[in-house]
Amino acid sequence: MSKLLHIIATPREEDSRTLRVTEAFFEGLENNDPDCRVDTLDVTKEKLPPMTMKAVSGKYVLLGGKDLPEDLKPAWNDIIKHIERFLSADGYVISSPMWNFSIPYYLKHYIDVILQPRYLFRYTEKGPEGLVKNKKMIIITSRGGDYGPDSPSHSYDFQEPYLRAVFGLAGITDITFINSQPMDALGPEIQKQKIDAAKKIAKKAGEAFF
Ligand SMILES: Cc1cc2nc3c(=O)[nH]c(=O)nc-3n(C[C@H](O)[C@H](O)[C@H](O)COP(=O)(O)O)c2cc1C
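Residues numbered from 1 in each chain as written. Predicted model: local features only at pLDDT ≥ 70, side-chain atom pairs only at ≥ 80, totals over all residues.

(A) Fine view of the overall build of the protein. When you go through the protein residue by residue, the secondary structure sums to six helices and seven strands. Secondary structure elements of the protein occur, N-terminal to C-terminal, as β-α-β-α-α-β-α-β-β-β-α-β-α. Taken against the 2.2 N^0.38 rule, which gives 17 Å for 210 residues, the C-alpha radius of gyration of the protein at 18 Å falls within 12% of a compact globule. Its C-alpha atoms give the protein principal-axis dimensions of roughly 60 × 40 × 35 Å. (Helix = DSSP H or I, 4+ residues; strand = E, 2+ residues; numbered from the N terminus. Rg over C-alpha atoms; globule rule 2.2 N^0.38 Å.)

As structure tokens, this is what we get:
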């Protein structure tokens, strides 16, 4: 049975446009793999481990190729739990609006927690190597403006390139973005059209996910 980790990074619950599109993905997935187990992690509600002095020191210990010393282990208990939860999935869906040209801080916090050496990547003589192999990711976003390739605002999209870079470091390179845009700039009629179009794409992506 496949397991999919769904990471929610909007606090807007039923008002969320991003989650409306994500629902269509799950409808498609239901046709594709009805037994798939979905683990939902809402990072806007989850109490993520704080990246304190001890938590961050552990990262440097691992970067130095050493094991965590006893005094840092308590600060790493929850970090390791989140890493193991992430690694136990066979695939990923992230639902994230654009916030200030990038991602909401909740999702950045989660990335700071899980993207750890020895677990998600390691350094080799040839450069960094991602340790999460052969896993797909769908990232469903919505944005108030339009940052598509033909838009004058395209270069302000730090969300898609950033997420490709961080998860690429972990070895996840099969990433599909489904971006609904513009959600706010051109009024409700365009918003509805763009959400409907994104839902069709999301449903197909769900049908072909596993
Ligand atoms: C704190 C905050 C920052 C935002 N920053 C941007 C932005 O930089 N660019 C943009 O186009 N829209 C921005 N928006 C608008 C949202 O991306 C847009 O309304 C999106 O559809 C919200 O998704 P949701 O309904 O799933 O929460 C921002 C919204 C909030 C609340």
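Having seen the model, we can carry on.
(B) Molecular detail of helix 1 (residues 17–32). The terminal C-alpha atoms of helix 1 lie 24 Å apart, and with 16 residues this matches the ideal 22 Å at 1.5 Å per residue to within 8%. Arg17, Thr18, Val21, Thr22, Ala24, Phe25, Gly28 and Leu29 are the residues of helix 1 that are buried. For helix 1, the angular spread of the buried residues around the axis is 150°, confining them to a single face. Lining the buried residues of helix 1 we find strand 3 (91–97), strand 6 (136–142), strand 7 (174–180) and helix 6 (187–207). (Expected span 1.5 Å × (residues − 1). Buried ≥ 20, exposed ≤ 12 C-beta atoms within 10 Å, placed from the backbone. Arc of directions from axis to C-beta. Contact = placed C-beta atoms within 7 Å.)

(C) A look at the environment of Thr124. By the secondary structure assignment, Thr124 is in strand 4 (residues 121–124). Between the C-alpha atom of Thr124 and that of Leu169, which follows or precedes it by 45 residues, the distance is 13 Å.

(D) Local environment of the site of the ligand. Contacts to the ligand come from 17 residues, most closely from Ser16, Thr18, Pro97, Ser142 and Gly144. Ranked by residue count, the leading element in the shell around the ligand is helix 1, at three residues. Taken together, the residues of the shell around the ligand break down into six nonpolar, seven polar and four charged. (Near = placed C-beta within 6 Å. Nonpolar A, V, L, I, M, F, W, Y, C, P; charged D, E, K, R; others polar.)

(E) Quick look at the sheet that holds strand 3. Spatially, five strands are ordered 2-1-3-6-7 in an open sheet, and the strand pairing comes out parallel. Since the sheet does not close on itself, it has two edges, and those belong to strand 2 (37–42) and strand 7, each with one partner. Pairwise comparison of adjacent strand axes, ignoring direction, gives a mean angle of 15° for this sheet. The pairing of strand 1 (residues 3–8) with strand 3 spans five bridges and is parallel. Its bridge partner being in strand 3, Leu5 is matched across the sheet by Tyr92. Packed on one face of the sheet, helix 6 meets strand 6 and strand 7 and runs near 160° to strand 7. (Pairing = 2+ DSSP bridges. Axes fitted to C-alpha atoms, helices over the stretch in contact; angles between N-to-C directions.)

(F) Here's a closer look at unusual backbone geometry. Cis peptide bonds are those with omega within 30 degrees of zero, and the linkage from Gln181 to Pro182 qualifies with -5°. Positive phi outside glycine occurs at Arg118, with the angle close to 80°. On the secondary structure map, Arg118 appears in the loop between helix 4 (105–114) and strand 4. According to the C-beta neighbour criterion, Arg118 is partly exposed, with 17 such atoms within 10 Å. At Asn134, a position not held by glycine, the phi torsion is positive, near 55°.

(G) A look at the environment of Ile178. The topology assignment puts Ile178 in strand 7. Look at Ile178 and you get buried, because 24 C-beta atoms sit within 10 Å. Put simply, Ile178 and Ala55 are 123 residues apart on the chain and 34 Å apart in space, counted from C-alpha to C-alpha. Residues contacting Ile178, with those up to four places away along its chain left out, are Val21, Ile138, Ile140, Ala198, Ile201, Ala202 and Ala205.

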